[in-house]
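# Coordinate analysis (summary)
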Amino acid sequence: MPLYSLDGIIEDIKKNPIPTTAHKIHYKAVSKIINTINYGGTNVTIGPPGSGKTTTISLALLKMYNELDREEVIIYETTHNILVLEAIRKTIAQLMISGVGEEEIKETTAVYGSYFVPTEPSEKTKLIFTTFYQHKRVEEALRGKDRVHLIVDEASTAKTSQPFLPTSSAINNRIITGNIDPRLFSSLSIIGDPMQTILFTNQEKVKPLILQIIEGMIKNPQDKKIIEEEPDAIFEIAEKYLPYSNLSYFFLENTFRLPSPSEILISIPFYRNKLKAFRSIKDVKIGSNDASLDWFVKNKTKLLRNVRDALDNALDSKIPVVYLKDLNLKPYRDNNLRTYDEKRATYAVEIAAYLSKATIGEHIMIITPYKEMADQMGFMLNNIEVDKRRVEARTIHSSLGTDADIVIAVLGKEYTTIERGKTIYYIMPQALNVQLSRHKKMLIVIGNFDVIAETASKLRGYKFLSKIQDAIEELKEDDLIVIKEV
């Protein structure tokens, strides 16, 4: 049963206005997208975690809204219903603030996806928001439209084999020839991040669309070899080829989610330190609750006693990262194939419960690579004294498109062996990026970065992960990380 309707979304925005914060860098990215829509071609916008991808899209749609004629339409397409909801809410909020009336919005906006009541096709439609899987409805809505502009939000994956065939044809044609076929689309804009994209596929290798397009303009075999060895080099190498390509390209280099300097945990290994936080940890406020001491005395356990000082030190001193270094890793053998780690799960749940008492109103999210782990921690949370509205456990996949004030990142298997097959971070290194980039105020990591760095340094194409140690050392030098061995 659909959860949302266009009427309901508009009414909700009227009751709960959405803040429309944008910065100079967003307007620069928007100008690139608008030029692509106006003059045709392909635009790629790289949006690292918290850089404002949806804000950029909604601003571009707002700017183009009054410029579109009756034969012209923009399609916003992504994999997740929740991202469709976020994009349409932000765009409608912008339109309403700019003076566009409710009835006009209903006439000119269509939304399709399993979460939504489908919109009836109209010749007045200007904006279509949809998941990839609604191709029949979208094709009906495109009747009578001569110029179609496609914006793909590659939040998780946008495989060229997706069922929306016109999209697939345009994308495939763009990759092969470097040009958009005007019979299919007048322009193609893609926003995403190849260093964050996680692929939902049973296939051995499926590259993100945005990566395929960037790699398509890189002609030198030596540069291609460098990217194979050092995937984080792709942005620097791509910029060398831009003057000789017909690709419009922009890198959103600020994160507005992560407090500085915690962003270096992803900026150094994944973006060669190009990503910078817009706000400092000094500007972050976490409400404290003195009553937490009574709760701690009543509920203290050996594990919680072991780490409480580290947590309180971080809260009191505005230190954005707490690293609980697990020294008791088990070798990867047949008897250790389970993804559930009781020690780490218990630490995570007890820390979440304590922080829910030690802070006021902060949203706390535990993130793990494994569903078994997330389910078990969710069960544990349901059986202890904790505010269920503020504390949750998620997998990396289900945390895409979300964030929280405090994130407890429970690392997966840090080791791997050829004999038993690759583990999570050596199948999808982007998973570590996602885990370390959901927090708005504080990040707590339970695991062992030393093992990740040592393992990655020995594997072709994964050495960039070993740079996580450089980030840790930089935080240590500035006394902006609390490290506790557990």
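Below or above, wherever it landed, is the structure these notes cover.

Each value, and the rule that gives it
- Here the residue numbers are simple positions, counted from 1 along each chain's written sequence.
- Whole-chain, interface and lining totals are the exception, using all residues; otherwise, since this is a predicted model, local features are given only for residues with pLDDT of at least 70 and side-chain atom pairs are given and counted only at 80 or more.
- Side-chain measures here rest on the full set of heavy atoms in the structure, leaving out hydrogens and waters.
- Axes, fitted as lines to C-alpha atoms, cover a helix only where it is in contact. Angles between the N-to-C directions of the axes lie from 0 to 180 degrees.
- Going along the chain from the N terminus, every DSSP run of H or I of four or more residues is numbered as a helix, and every run of E of two or more is numbered as a strand.
- Angle categories are assigned with fixed cut-offs, so that under 35 degrees is roughly parallel, over 145 is roughly antiparallel, 65 to 115 is roughly perpendicular, and the rest are oblique.
- Crossing handedness is defined as follows: a turn of the near helix away from the far one that is anticlockwise and smaller than a right angle gives a left-handed crossing, while the clockwise case is right-handed.
- In what follows, a contact means two residues having at least one pair of non-hydrogen atoms within 4.5 Å.
- Think of it as three bins: nonpolar holds Ala, Val, Leu, Ile, Met, Phe, Trp, Tyr, Cys and Pro, charged holds Asp, Glu, Lys and Arg, and polar takes everything else, Gly as well.
- The aromatic pairing rule takes the rings of Phe, Tyr and Trp, using the six-membered ring of Trp, and pairs them if the centres are within 6.5 Å, calling planes under 30 degrees apart stacked, those over 60 edge-to-face and the rest tilted.
- Throughout, exposure labels follow a simple rule: accessible area from a 1.4 Å probe, protein chains only, divided by the maximum for the residue type, with under 20% read as buried, over 50% as exposed, and the rest as partly exposed.
- In the sections that follow, a salt bridge refers to a side-chain nitrogen of Lys or Arg positioned within 4 Å of a carboxyl oxygen of Asp or Glu.
- Throughout this description, the term nonpolar core refers to a set of buried Ala, Val, Leu, Ile, Met, Phe, Trp, Tyr and Cys residues connected via side-chain atoms within 4.5 Å.
- The patches reported here contain residues having more than 30% relative accessible area and no salt bridge. Joining distances are 9 Å for like charges and 5 Å for nonpolar side chains (Val, Leu, Ile, Met, Phe, Trp, Tyr).
- Reported accessibility uses the Shrake-Rupley method at a 1.4 Å probe radius. Residues are deemed covered only where the shown protein chains occlude them.
- Lys and Arg are tallied as positive, Asp and Glu as negative. Neither His nor the chain termini are counted.
- Charge placement uses NZ in Lys and CZ in Arg. For Asp and Glu, CG and CD serve respectively.
- Any two strands with at least two DSSP-identified bridges between them are counted as paired.
- Whenever two N or O atoms come within 3.5 Å, that pair is a polar contact, provided that in protein one can donate a hydrogen and the other can accept it, and provided that, for residues adjacent in sequence, both atoms are side-chain atoms.

Packing of helix α13 (residues 302-317) against helix α14 (residues 342-358) leaves a shortest axis separation of 10 Å and a crossing angle of 50°. Taken as axis vectors, α13 and α14 run oblique relative to one another. The handedness of the crossing between α13 and α14 is right-handed. When α13 is examined against α14, the residues Leu 303, Leu 304, Asn 306, Val 307, Arg 308, Leu 311, Asp 312 and Leu 315 are found in contact with a partner set consisting of Thr 346, Tyr 347, Glu 350, Ile 351, Tyr 354, Leu 355 and Ala 358. Grouping the constituent residues of the contact of α13 with α14 by class yields 10 nonpolar, 2 polar and 3 charged.

Taken as a whole, this structure holds 10 aromatic pairs when the rule is applied. On the basis of an interplanar angle of 25° and a centroid distance of 6.0 Å, the ring pair of Phe 235 and Tyr 271 is categorised as stacked. Linking Phe 235 in helix α10 (residues 234-241) with Tyr 271 in helix α11 (residues 264-271), this pair joins segments that are 36 residues apart in sequence. Each member of the pair, Phe 235 as well as Tyr 271, is classed as buried. Measuring from ring centre to ring centre gives 6.2 Å for Tyr 426 and Tyr 462, while their planes differ by 70°; the resulting arrangement is edge-to-face. Within this pair, whereas Tyr 426 is found in the loop between β13 (404-410) and α17 (430-435), its partner Tyr 462 is found in the loop between α18 (449-456) and α19 (468-477), the two being separated by 36 residues in sequence. Through successive ring pairs, a cluster of aromatic residues spans Phe 235, Phe 251, Phe 270, Tyr 271 and Phe 464.

So, about the pattern of salt bridges. Going through the model one piece at a time under the given rule, you end up with 33 salt bridges. Close ionic contact of Arg 89 with Asp 12 constitutes a salt bridge, the shortest N to O distance being 3.1 Å. Here the residue Arg 89 occupies a position in helix α4 (residues 81-97), and Asp 12 occupies one in helix α1 (residues 6-15), the gap between them amounting to 77 residues. Within this structure, Glu 230, Asp 232, Glu 236, Arg 272 and Lys 467 form a network of salt bridges that share partners.

This paragraph deals with the nonpolar core. Judged by nonpolar contacts, the single largest core of 112 residues is most densely connected at Ile 351, Ile 408, Leu 436, Ile 444 and Phe 449. No other element matches the 9 residues that α14 contributes to this core. Counting 35 residues, the second-largest nonpolar core is a separate cluster that includes Leu 6, Ile 9, Leu 59 and Phe 116.

Quick look at the environment of Glu 154 now. Inspection of the secondary structure puts Glu 154 in strand β5 (residues 147-154). By relative accessible area, which is 2% here, Glu 154 ends up buried. For the pair formed by Glu 154 and Leu 209, sequence separation is 55 residues and the distance between their alpha carbons is 7.7 Å. When residues no more than four places from it in sequence are discounted, the contact partners of Glu 154 are Ile 191, Gly 192, Asp 193, Thr 197, Pro 208, Leu 209 and Ile 210.

As a further point, take a negative patch on the surface. On the surface, a cluster of negative charge is made up of Asp 470, Glu 474, Glu 477, Asp 478 and Asp 479. Residue placement: Glu 474 occurs in helix α19.

Pairing in this open sheet of 6 strands is parallel, and the strands run β12-β11-β13-β14-β10-β15 from one edge to the other. Unpaired on one side and paired on the other, β12 (391-395) and β15 (481-485) mark the two borders of the sheet. Neighbour-to-neighbour, the strand axes of this sheet turn through a mean angle of 20°, independent of strand direction. For strand β10 (residues 321-325) and β15, the ladder comprises 5 bridges, and the chain directions are parallel. Opposite Val 322, over in β15, you have Val 482 as the bridge partner. Against the sheet, α14 engages β10, β11 (364-368), β12, β13 and β14 (439-447), with an angle of about 150° to β14.

Regular strands place their side chains on alternate faces of the sheet. Where burial is concerned, the two faces of strand β3 (residues 109-112) agree: the one with Thr 109 and Val 111 and the one with Ala 110 and Tyr 112 are both buried. Examined bridge by bridge, β3 and strand β4 (residues 127-131) share 4 bridges and lie parallel to one another. In the sheet register, Tyr 112 faces β4, and the bridge partner there is Thr 130.

Hydrogen bonding along the main chain pairs the strands of a sheet, whether they run parallel or antiparallel. The strand order across the open sheet formed by 7 strands is β3-β4-β2-β5-β6-β1-β7, and the pairing between neighbours is parallel. On the outer flanks of this sheet lie β3 and β7 (247-251), each paired with one strand and no other. Across the sheet, the axes of successive neighbouring strands diverge by a mean angle of 15°, strand direction being ignored. Lying over the sheet, helix α8 (residues 209-216) contacts β1 (41-46), β5, β6 (187-192) and β7, oriented at roughly 115° with respect to β1.

Next up on the list: the environment of Arg 279. Along the chain, Arg 279 falls in the loop between β9 (276-277) and α12 (292-299). Take Arg 279: its relative accessible area is 24%, and that puts it in the partly exposed class. Beyond its immediate sequence surroundings of up to four residues, Arg 279 is in contact with Phe 256, Arg 257, Leu 258, Pro 259, Ser 260, Val 284 and Lys 440. Among the polar contacts listed, one links the side chain of Arg 279 to the backbone oxygen of Arg 257, at a separation of 2.7 Å. Within the structure, Arg 279 has its side chain in polar contact with the backbone oxygen of Lys 440 (distance 2.4 Å).

Structural measurements only, silent on function.
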